[in-house]
Each structure stands twice: as C-alpha cells, then as structure tokens.
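# A look at the structure
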Amino acid sequence: MFFNVLVKIFKKKRIFVIMKINKSTVIFFACLMLSLSAFSQKDHLSSQAGEANFGIGFGLPYGGVGLHIGTNVAKGLNLFGGVGYQIADIGYNLGITKDFESKNMAQFYLSGMIGTNAAIKIDGLPQSSKTYFGPSLGAGIKLNSHRKEGNFWDMGIIVPVRSSAYQNDLDGLKQDPRITGLTEPWPVLLVFAYNFNL
C-alpha cells in the first residue's frame, strides 16, 4: 500500500485522493502482528534502547515522500517524526512504533501516529487542494541489514482514520458537476523506505 497517495487521472480533470478507513483491516493486521510476536528471540541493533535512525522513503511515517527520524526510548519502542511532500502540500507525522524480536532478520511491528493523513488535489481547481490531519494505525516488517548492522528496510501498511472535514470535502467534490469519474479512495496506504542507524 502505501505510498499514501492514490492518483486517479481522468480525461477532463486529474483528481488525487487518499484513502478512507477500513476498521476490520486494522484489527486483522493488529491481531496478526501480535500473534507473530510469539516467535521472539533475537535482539537486533535497530531495536536496542538508545539507538536512533534516519530514513528516506514514502508513506505516512515519512510525511508522504520524505524523511523520518526516530529514537528508541526503550527496547523495541521507537518514537519518530516524519516530514515530506504530500500531493497538495507539506505532510508530517509524529508517532510510535513497537517492533517485536525475531529469530530472523525480519521483525514485525505495529505503529500509531498523528498528523497529515489525507490530501485532495484537483488540477484546474487550486482552491480544492488541501491536506487533512488525523490519527493513523499501521503494521509492517523491518528487514534488518546483513551488511550494515542497525540499518533496515521498512515495508508496511497504514490505515488512516480520516477526518469528517476530509469526508465532507470529498462528498462535496462528488456533487461538483465540473468533476467526473471520481471514485472512492483505497482504505490503506503503503510504506516503503530505507533507514540508517545513527
């Protein structure tokens, strides 16, 4: 899923929207990640208390397409902030990630954040371009590097909890006769990035 931007291109207008929540998806992935945490064993450098990371990639934890910095306040518990470009403006998020120990180089994680989690941009209607603020929940996999201890790939999904302002604006656009072919956005967003140990 995510980069957290879904693009819909139509003949008359280009409409960019980001997705609506699907609560059952969040519950499913939360249960899956918690059950997989039972296979805990190895202590990776990227999960040790006091370690910090800097990442580049796409997804809400990276502000859209952008940067991410985090620090482990406890073993497997990372506080982070991200800033980047969303389709309509600058995006940002602050949050927390809990990763689970693993025998292998792959570690599962759960995350929660608050910040920019939706955007609308319509070419030719600049007054409709906006970003929206709200909480988001995620799950994914950290693939720890064999070559450089502490570095890792971040691949996950995010389910944004869209604000009523976003939904109202989206509903309004559906009624606008100047815009045709608008469809519902996806319920989840993707994360894909690489992080460096600091």
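The structure reproduced in this document is the subject of the present report. Along every chain, residues carry numbers that run from 1 in the direction the sequence is written. Per-residue local features of the predicted model are confined to residues with pLDDT of at least 70, and side-chain atom pairs are confined, for both listing and counting, to 80 or more; whole-chain, interface and lining totals are unaffected and use all residues. Excluded from the side-chain calculations are hydrogens and water; all other atoms, namely the structure's heavy atoms, are used.

For the protein, the count of helices and strands is two helices and ten strands. The numbering of helices and of strands both runs from the N terminus, where a helix is a DSSP run of H or I of at least 4 residues and a strand a run of E of at least 2. Beginning at the N terminus, the succession of helices and strands in the protein can be written as β-β-α-β-β-β-β-β-β-β-α-β. Here's how the labels work: a residue is buried when its accessible area is under 20% of the maximum for its type, exposed when over 50%, partly exposed in between, all with a 1.4 Å probe on protein chains only. Of all 198 residues assigned to the protein, the portion counted as buried reaches 49%. When contacts within the protein are restricted to residue pairs at least 6 apart in sequence, those whose partners lie at least 24 apart make up 62%. Note on definitions: a residue-residue contact is assigned when non-hydrogen atoms from the two residues lie within 4.5 Å.

Residue placement: Ser145 occurs in the loop between strand S8 (130-144) and strand S9 (152-160). With relative accessibility at 17%, the residue Ser145 sits in the buried group. We define a polar contact as two N or O atoms separated by no more than 3.5 Å, with the added condition that, inside protein, one atom must be a possible hydrogen donor and the other a possible acceptor, whereas residues neighbouring each other in sequence contribute only through side-chain atom pairs. A polar contact is formed between the side chain of Ser145 and the backbone nitrogen of Arg147, at a distance of 3.1 Å. Looking at Ser145, its side chain comes within polar contact range of the main-chain nitrogen of Lys148, at 3.0 Å. What Ser145 contacts, discounting residues up to four positions off in sequence, is Met105, Asn151, Phe152 and Tyr194.

Right, let's get into a nonpolar patch on the surface. Taken together, the side chains of Ile56, Leu67, Val83, Tyr85, Ile90, Tyr92, Leu94, Ile114, Phe133 and Phe196 make up a nonpolar region of the molecular surface, amounting to roughly 940 Å² of accessible area. In terms of residue count, the dominant contributor to the nonpolar patch is strand S6 (residues 90-99) (three residues). Structurally, Tyr85 can be placed in strand S5 (residues 77-85). Here a patch means residues that are over 30% exposed by relative accessible area and free of salt bridges, tied together within 9 Å if like-charged and within 5 Å if nonpolar (Val, Leu, Ile, Met, Phe, Trp, Tyr). All accessibility values rest on the Shrake-Rupley procedure with a 1.4 Å probe; residue burial counts only the protein chains present in the view. For salt bridges, the criterion is a side-chain nitrogen of Lys or Arg within 4 Å of an Asp or Glu carboxyl oxygen.

A word on the pairing of strand S7 (residues 106-122). Among the 17 residues of S7, 13 are classified as buried, and the element is accordingly described as predominantly covered. For S6 and S7, the ladder comprises seven bridges, and the chain directions are antiparallel. Note on S7: the bridge partner recorded for Asn93 is Gly115. Hairpin connection of S6 to S7: six residues between the antiparallel strands. Two strands pair if DSSP finds at least two bridges between them.

For any pair of aromatic rings, the description rests on two quantities: the centre-to-centre distance and the angle between the ring planes. Side-chain rings of Phe, Tyr and Trp (the six-membered ring for Trp) are treated as a pair once their centres are within 6.5 Å; stacked means planes under 30 degrees apart, edge-to-face means over 60, and tilted covers the remaining angles. Under the criterion given, the structure shown has six aromatic pairs. Measuring from ring centre to ring centre gives 5.0 Å for Tyr194 and Phe196, while their planes differ by 80 degrees; the resulting arrangement is edge-to-face. In this structure Tyr194 comes out as buried when scored by relative accessible area, which is 19%. Joined through ring pairs, the aromatic side chains of Phe58, Trp153, Phe192, Tyr194 and Phe196 make up one cluster. Lys142 extends its terminal NZ or CZ atom over the ring of Phe152, reaching a point 4.7 Å from the ring centre. Looking at Arg162, its charged tip hangs above the ring of Tyr166, at a distance of 5.3 Å from the centre. Two limits define a charge over a ring: the Lys NZ or Arg CZ must be within 6 Å of the ring centre, and within 35 degrees of the ring normal.

Our focus in this paragraph is the environment of Ile158. Residue placement: Ile158 occurs in strand S9. A C-alpha to C-alpha distance of 6.7 Å links Ile158 and Ala139, two positions 19 residues apart in sequence.

Relative to the elements of secondary structure, Lys142 occurs in strand S8. Residue classification places Lys142 among the buried residues on the basis of a relative accessible area of 5%. On a C-alpha basis, the gap between Lys142 and Met105 in space is 8.0 Å, while along the polypeptide they are 37 residues apart. When neighbours within four sequence positions are excluded, Lys142 is seen to be in contact with Ser46, Ser47, Asp99, Met105, Ala106, Gln107, Tyr109, Phe152 and Trp153. A polar atom in the side chain of Lys142 sits 2.9 Å from the side chain of Asp99.

The values reported here are purely geometric and, on their own, carry no functional implication.
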